[in-house]
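A closer look at the structure
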Amino acid sequence: NTTRYSSFEDQTEEWQVLETWSENERLNAPEGADGFFQISQDFWLWDTLCNMRESVWKSALIALACASAMILLTSQSVIIMLFSAISIAYVLVASSACLVSLGWTL
């Protein structure tokens, strides 16, 4: 059994096992009872972490693109925009590296 404090990989494996079982039971369930789904507070956290893992790069790129666009529009200088984008990217990488070095994982 996994809990919300189990590793992400263990929770993913447990989710797959439960989802496979649910799909098989849905096929055998009578009509009207075949629309059930499973839910658990442990899997709410797991689902949140899955979504964070999938969207972290997109979010960083969107933030970098928006900041670069605003800096370019306001300063009208490609050089300033370039150095600002590099600085912002460095801050994103450095803060992520600090979290990883503290043992934080997704």
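Because the structure is predicted, anything quoted here is derived from the model rather than measured. (Residues numbered from 1 in each chain as written. Predicted model: local features only at pLDDT ≥ 70, side-chain atom pairs only at ≥ 80, totals over all residues. Heavy atoms only, no water.)

A few words now on the overall build of the protein chain. Within the protein chain one finds three helices and zero strands. Taken over C-alpha atoms, the radius of gyration comes to 21 Å for the protein chain, far larger than the 13 Å a tight globule of 106 residues would show. C-alpha atoms of the protein chain, sized along the principal axes, occupy 65 × 35 × 15 Å. In the protein chain, which comprises 106 residues, the share counted as buried stands at 16%. Across the protein chain, the fraction of contacts at a sequence separation of at least 24, relative to all contacts at a separation of at least 6, is 50%. With the model as given, the accessible surface of the protein chain reaches about 8200 Å², and the carbon-plus-sulfur share is 66%. Side-chain charges of the protein chain comprise 4 positive and 12 negative groups, with the mean position of each set lying 9 Å from the other. (Helix = DSSP H or I, 4+ residues; strand = E, 2+ residues; numbered from the N terminus. Rg over C-alpha atoms; globule rule 2.2 N^0.38 Å. Buried < 20%, exposed > 50% of the residue type's maximum accessible area, 1.4 Å probe, protein only. Contact = heavy atoms within 4.5 Å. Areas by Shrake-Rupley, 256 points an atom, 1.4 Å probe, with all protein chains shown as cover. Lys, Arg positive; Asp, Glu negative; His and termini not counted. Charge placed at Lys NZ, Arg CZ, Asp CG, Glu CD.)

As a further point, take a nonpolar patch on the surface. Together, I79, L82, F83 and I86 line one region of the surface with nonpolar side chains, adding up to about 420 Å² of accessible area. Here F83 lies in helix α3 (residues 78–101). (Patch = residues over 30% accessible without salt bridge, like charges linked within 9 Å, V, L, I, M, F, W, Y side chains within 5 Å. Salt bridge = Lys/Arg side-chain N within 4 Å of Asp/Glu carboxyl O.)

This brings us to helix α2 (residues 41–75). An ideal rise of 1.5 Å per residue puts 51 Å on 35 residues; α2 measures up with 48 Å between its terminal C-alpha atoms. At S55, α2 is deflected by roughly 45°, the largest bend along its length. Of all the positions in α2, only D42, F43, W46, L49, C50, L64 and S68 are classed as buried. Buried residues in α2 make contact with α1 (8–28) and α3. Looking one or two residues beyond α2, the residue adopting positive phi is Q76, at roughly 55°. (Expected span 1.5 Å × (residues − 1). Bend = angle between axes of the 7 residues up to and from the residue.)

Attention now moves to the packing of aromatic side chains. Tallied over the full model, the rule gives three aromatic pairs. For the pair W15 and F43, a centre-to-centre distance of 5.1 Å together with 70° between the ring planes defines the contact as edge-to-face. Of this pair, W15 sits in helix α1 while F43 sits in helix α2, placing them 28 residues apart in sequence. Put simply, the rings of W15, F43 and W46 touch in pairs and so form one group of aromatic residues. (Phe/Tyr/Trp six-rings, centres within 6.5 Å; stacked < 30°, edge-to-face > 60°.)

Fair warning: the whole summary comes from geometry, so function is off the table for now.
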